[in-house]
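If you want the building blocks of each chain, they are given just below.
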Amino acid sequence: MGKKVLLLLIFGFIILPLFGKNAQAAVRCETYYGGEVCIRTGELQIDKKVWHPQNKLFVDNLGIFDYKFAPGEEAIFQLNIKNVGDATFDKVNVQDTLPPYFELTSGSLSIEISDLTPGETETREIRARVVSAEKIPNDKAVICNVNTAEVWSGDNRDRDTSQVCLEKKVLGVAVFPPTGPQGWWI
């Protein structure tokens, strides 16, 4: 009985790891609504960000209390595609989607990357303009959308999101009417 246990231990701890695939995975953490969410990814990662015009840096999300884009204004999205594995990906596909009320001005929503080597990161930018005010619904002053970018090569897949908000400004009112009781002292 002792020899069988010893053989099983040798097989389980020495022989099997030689044939098994590396089971390590990368982890990506992002902040949403004040909390942090971490997910395991495969050997291929995508990180989508949006340019914060006031702070002058790329961020994961611009929420309701952050900068809001106006009609006609351009937003810049950044995609970072990284190989965190130990083998080269011959062909990597990337698909991005623009949020509603944004139109592509430069860059490509469908990208193909060749020969992404271990540790290599490809960065791409996509520029999009908010549609004109007439194309934005009148019943909504602020609209926030989450859009998704996906990357895949064979069975390796990842996706990431970035939130942006736009604001349809009320124009044409320079002086607001008085409020409260009028003439109550007469």
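All residue numbers refer to positions counted from 1 along the written sequence of the respective chain. Whole-chain, interface and lining totals are the exception, using all residues; otherwise, since this is a predicted model, local features are given only for residues with pLDDT of at least 70 and side-chain atom pairs are given and counted only at 80 or more. Side-chain metrics rest on all non-hydrogen atoms present in the structure, leaving aside hydrogens and water.

(A) Layout of the packing of aromatic side chains. What counts as a ring pair is set by centres within 6.5 Å for rings of Phe, Tyr and Trp (its six-membered ring), and what kind of pair is set by the plane angle: stacked under 30 degrees, edge-to-face over 60, tilted for all other angles. Across all of its chains, the model carries four aromatic pairs by this definition. Centroid distance Tyr67 to Phe69: 5.2 Å. Interplanar angle 80°. Geometry classified as edge-to-face. In this scheme, a residue with accessible area under 20% of its type's maximum is buried, one over 50% is exposed, and one in between is partly exposed, where area comes from a 1.4 Å probe on protein chains only. Using a relative accessible area of 17% as the deciding quantity, one classes Tyr67 as buried. On the numbers, 6.3 Å between centres and 80° between planes, the contact of Phe69 with Phe102 is edge-to-face. Of this pair, Phe69 sits in the loop between strand 4 (57-59) and strand 5 (74-83) while Phe102 sits in strand 7 (residues 102-106); the two residues are 33 residues apart in sequence, bridging distant segments of the chain. Runs of H or I in DSSP of at least four residues are treated as helices and runs of E of at least two as strands, each being numbered from the N terminus.

(B) Structural context of the sheet that holds strand 4. Only strands that DSSP links by at least two bridges are regarded as paired with each other. Within the open sheet, the five strands sit side by side as 4-3-5-9-7. Their pairing is antiparallel. Looking along the sheet, the strands with just one partner apiece sit at the ends: strand 4 and strand 7. Neighbour-to-neighbour, the strand axes of the sheet open up by a mean angle of 40°, direction not taken into account. By the bridge criterion, three bridges tie strand 3 (residues 44-52) to strand 4 in an arrangement that is antiparallel. From the neighbouring strand, Trp51 faces strand 4, where its bridge partner is Phe58. An axis is simply a line fitted to the C-alpha atoms; with a helix, the fit covers only the stretch in contact. Between two such axes, the angle follows the N-to-C directions and lies from 0 to 180 degrees.

(C) The arrangement of the nonpolar core in detail. If you look at the biggest cluster of nonpolar residues, it comprises 28 residues, and the most contacted ones within it are Phe69, Leu79, Ile81, Val92, Val94 and Phe102. Looking at this core, the elements with two or more residues in it are strand 3, strand 5, strand 6 (89-96), strand 8 (110-116), strand 9 (121-130), strand 10 (142-153) and strand 11 (156-167). Per-element tally for this core: the top contributor is strand 5, with four residues. In this structure Leu79 touches Ile46, Asp47, Lys48, Val94, Asp96, Ile111, Glu122, Thr123, Arg124, Ile126 and Ala149, once residues within four positions along its chain are discounted. Buried Ala, Val, Leu, Ile, Met, Phe, Trp, Tyr and Cys residues that are joined via side-chain atoms within 4.5 Å together make up what is termed a nonpolar core. Should any heavy atoms of two residues lie within 4.5 Å, those residues are counted as being in contact.

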